[in-house]
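Here's the letter readout for the chains.
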Amino acid sequence: MCSQIITLSKNCDGQLSYCKICNIYQLVFNNIYIEFFEKEIESFKIFLENIEVKYWETKYDSMVIKRKIPINTLQKNLSLMFNRQELESLKRLISQNTKKPFNILSIVDIDYTCHLN
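Presented here is an overview of the structure given in this document.

Definitions and limits used
- Residues numbered from 1 in each chain as written.
- Predicted model: local features only at pLDDT ≥ 70, side-chain atom pairs only at ≥ 80, totals over all residues.
- Heavy atoms only, no water.
- Helix = DSSP H or I, 4+ residues; strand = E, 2+ residues; numbered from the N terminus.
- Buried < 20%, exposed > 50% of the residue type's maximum accessible area, 1.4 Å probe, protein only.
- Contact = heavy atoms within 4.5 Å.
- Areas by Shrake-Rupley, 256 points an atom, 1.4 Å probe, with all protein chains shown as cover.
- Polar contact = N/O pair within 3.5 Å; in protein donor to acceptor, adjacent residues only side chain to side chain.
- Patch = residues over 30% accessible without salt bridge, like charges linked within 9 Å, V, L, I, M, F, W, Y side chains within 5 Å.
- Salt bridge = Lys/Arg side-chain N within 4 Å of Asp/Glu carboxyl O.
- Expected span 1.5 Å × (residues − 1).
- Arc of directions from axis to C-beta.

In terms of regular secondary structure, the protein chain is built from three helices and six strands. In the protein chain, which comprises 117 residues, the share counted as buried stands at 29%. In the protein chain, once contacts between residues fewer than 6 apart in sequence are set aside, the share between residues at least 24 apart is 33%. When the accessible surface of the protein chain is totalled, it reaches about 8,800 Å², and 55% of it is carbon and sulfur.

Here you go:
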C-alpha cells in the first residue's frame with residue numbers, strides 16, 4: 001500500500017485519490033476499485049462525458065432493472081451498470097468537482113436517515 005496518497009475528490013458514492021510515489025490514480029466507487037495512469041483517467045473522463053444517457057435509458061426502458069447505463073469493459077462478459085444519479089456522481093468524482101475532503105459539511109451533505117423517537 002502506498003504511503004503518499006492524497007485525496008483529490010470525495011462524495012457519498014466514492015473517492016478519487018492519487019499516489020505521488022506510483023503516479024497512479026485510485027478510484028473507489030461503491031464496490032468498484034479502478035487504478036488509472038494519467039492518460040487513462042483523462043480518456044475515462046472524456047468517455048464518461050460522451051455517454052448518451054437518454055439513449056440507454058430508452059433502450060432498456062422495458063426492462064425491469066434499476067441501472068440502465070452500461071460501461072463496457074475489455075472483458076466481453078463484464079459491463080458496469082449505472083443509473084443516472086450514479087453516473088453523475090462518478091462524473092463529479094472524475095472531474096474532481098466535489099467538495100474537498102476535510103471541508104466543513106452541511107446537514108445536506110450527510111447521508112444519514114435520522115429517526116426521531
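Picking up where we left off.
This part takes up helix H3 (residues 84-94). Along H3, the residues classified as buried are Glu86, Leu87, Ser89, Leu90, Lys91, Leu93 and Ile94. Two or three places before Gln85, at the start of H3, stands the capping residue Asn83, its side-chain oxygen 3.2 Å from that residue's backbone nitrogen. At the exit of H3 stands Gln96, carrying a positive phi of roughly 60°.

Attention now moves to a nonpolar patch on the surface. Nonpolar side chains collect at one region of the surface, where Met63, Ile65 and Met81 lie side by side and expose about 230 Å² of accessible area between them. Within the fold, Met63 resides in the loop between helix H2 (53-59) and strand E5 (69-72). The partly exposed category is assigned to Met63, whose relative accessible area is 41%.

Once that is clear, we can look at helix H1 (residues 38-49). In a regular helix each residue adds 1.5 Å, so 12 residues correspond to 16 Å; H1 covers 17 Å between its end C-alpha atoms and thus fits that length. Of all the positions in H1, only Ile41, Phe44 and Leu48 are classed as buried. All buried residues of H1 project into a common sector of 60° when viewed along the axis, lining one side. Every exposed residue of H1 that faces more than 90 degrees away from the buried side is listed here: Lys39 and Ile46. Where H1 is buried, its residues contact strand E2 (14-19), strand E3 (24-29), strand E4 (32-36), E5 and H3.

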